[in-house]
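# What the coordinates show
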Amino acid sequence: MRAPSTDLPIVIVDASVVAGQTTILNRLTLTFSAGAPSVLIGPNGSGKTTLLRAAMGLIPLTRGRITWAGREEAAPERRAIVFQRPAMLRRSTGGNVRYALAAAGVPRAKRHERAAELLKLVGLEGLARRPARRLSGGEQQRLALARALARDPALLFLDEPTASLDPAAIKAIEDIIRSISARGVKVIMSTHDLGQARRLAGDVTLLHRGRLIEQAPADEFFSAPRTQEGAKFIAGELLV
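## Some points on the overall build of the chain
- The number of helices and strands found in the chain is eight helices and nine strands.
- Relative to the globule expectation of 18 Å for 240 residues, the C-alpha radius of gyration of the chain, 18 Å, shows essentially globular dimensions.
- Considered along the principal axes of its C-alpha atoms, the chain spans approximately 55 × 40 × 35 Å.
- Across the 240 residues of the chain, 50% fall into the buried class.
- Partitioning the intrachain contacts of the chain with sequence separation of at least 6 by distance along the chain shows that 65% fall at a separation of at least 24.
- For the chain, the computed accessible surface area is about 11700 Å², with 49% contributed by carbon and sulfur atoms.
- Considering the chain, the positive charge centre built from 35 side chains and the negative charge centre built from 22 side chains are found 8 Å apart.

## So, the sheet that holds strand E6 (residues 155-159)
- The six strands are arranged E5-E6-E7-E3-E8-E9 in an open sheet whose pairing can be described as mixed. Edge positions in the sheet fall to strand E5 (79-82) and strand E9 (211-217), since each of these pairs with one other strand and no more. Pairwise comparison of adjacent strand axes, ignoring direction, gives a mean angle of 15° for this sheet.

## With respect to unusual backbone geometry
- The phi dihedral of Ala69 is positive, around 50°, even though this residue is not glycine.
- With respect to the element layout, Ala69 can be found in the loop between strand E4 (63-68) and E5.
- A positive phi angle, near 45°, is found at Glu160, a position not held by glycine.
- Considering the arrangement of structural elements, one finds Glu160 in the loop between E6 and helix H5 (167-182).

## Quick look at the sheet that holds E4
- Strands sit in the order E2-E1-E4 across an open sheet of three strands; the sheet is antiparallel. Looking at the sheet topology across the chains shown, the edges are occupied by strand E2 (22-32) and E4. Strand after strand, the sheet turns through a mean of 20° between neighbouring axes, direction not considered.
- Lying on the sheet, helix H1 (residues 48-56) is in contact with strand E1 (10-19), E2 and E4; it crosses E2 at an angle near 65°.

## Some details on the nonpolar core
- Counting 49 residues, the largest nonpolar core has Ile41, Val97, Leu143, Leu145, Leu156 and Leu158 as its most contacted members.
- Look past the residues within four positions of Leu145 in its chain and what remains in contact with it is Val82, Val122, Leu156, Leu158, Ile173 and Ile176.
- Counting 21 residues, the second largest nonpolar core, distinct from the first, contains Val17, Phe32, Ile81 and Leu207.

## Observations concerning the pairing of strand E8 (residues 203-208)
- Where burial is concerned, most of E8 is hidden: six out of the six residues are buried.
- What you see with E8 is no split at all: Asp203, Thr205 and Leu207 on one side and Val204, Leu206 and His208 on the other are buried throughout.
- Two strands pair when backbone bridges link them, and strand E3 (residues 38-41) and E8 are joined in this way by four bridges, in the parallel orientation. If you follow Leu40 over to E8, its bridge partner there is Thr205.
- With six bridges connecting them, E8 and E9 associate as antiparallel partners.

## Examining helix H2 (residues 93-103)
- By the burial criterion, the buried members of H2 are Thr93, Gly94, Gly95, Asn96, Val97, Ala100 and Leu101.
- A positive phi of about 85° marks Gly105, the residue just after H2.

## Comments concerning the side chain of Ser16
- Of note, Ser16 is situated in strand E1.
- A polar contact is formed between the side chain of Ser16 and the backbone nitrogen of Arg27, at a distance of 2.9 Å.
- Once you skip the residues sitting within four places of it in the chain, Ser16 turns out to touch Leu25, Asn26, Arg27, Leu61, Thr62 and Arg63.

About the criteria used
Residues numbered from 1 in each chain as written. Predicted model: local features only at pLDDT ≥ 70, side-chain atom pairs only at ≥ 80, totals over all residues. Heavy atoms only, no water. Helix = DSSP H or I, 4+ residues; strand = E, 2+ residues; numbered from the N terminus. Rg over C-alpha atoms; globule rule 2.2 N^0.38 Å. Buried < 20%, exposed > 50% of the residue type's maximum accessible area, 1.4 Å probe, protein only. Contact = heavy atoms within 4.5 Å. Areas by Shrake-Rupley, 256 points an atom, 1.4 Å probe, with all protein chains shown as cover. Lys, Arg positive; Asp, Glu negative; His and termini not counted. Charge placed at Lys NZ, Arg CZ, Asp CG, Glu CD. Pairing = 2+ DSSP bridges. Axes fitted to C-alpha atoms, helices over the stretch in contact; angles between N-to-C directions. Core = buried A, V, L, I, M, F, W, Y, C linked by side-chain atoms within 4.5 Å. Polar contact = N/O pair within 3.5 Å; in protein donor to acceptor, adjacent residues only side chain to side chain.

Here it is, written out as structure tokens:
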């Protein structure tokens, strides 16, 4: 992986996403800086996935703007996203990664070696020949991470990467996220798991009904939330 991104901080200003009569994101203003993973939390329907997709450039803002290191005219190229339920190509595990490397423009002569490196990074080196669709849910999510890393991203967006996985699979994914972050890749991820947010987050962003409720360093958020909604969410109370 190359040097950390020069496209940080990501600054989102007065950002809204409206679909028909539904406001999905409601005038968000927040910043994501270099460092440990930034974790988005909030109830279902709070706007976490939409925010990740907008930051990735997959959906347009209805209003507002996003800048990368002060630049608005062009989004950074070195970014990737892993969805909650990634699709597996009808290829082997290694073939999935080599396909991603080809799409990223990696020369054919380097793809086999690079694919082996990525599979080792995510703990799938022994499964290179297995059909990807025969992998377990946790293994498929690790393969999705390897494919995303084929783009050599400086920004990696993860949408609830451990949803519905068992504890062993969750630990494996979290270990990979820590390794990726330690290599200088900025990870911005959503989760419904407060324990995971405590374990991984450098900073926490709480959303509710498309609004920004609170953004703070993780230790401050969990020890002394600044909002009533934050305190309720940490306590396990429903936000309505």
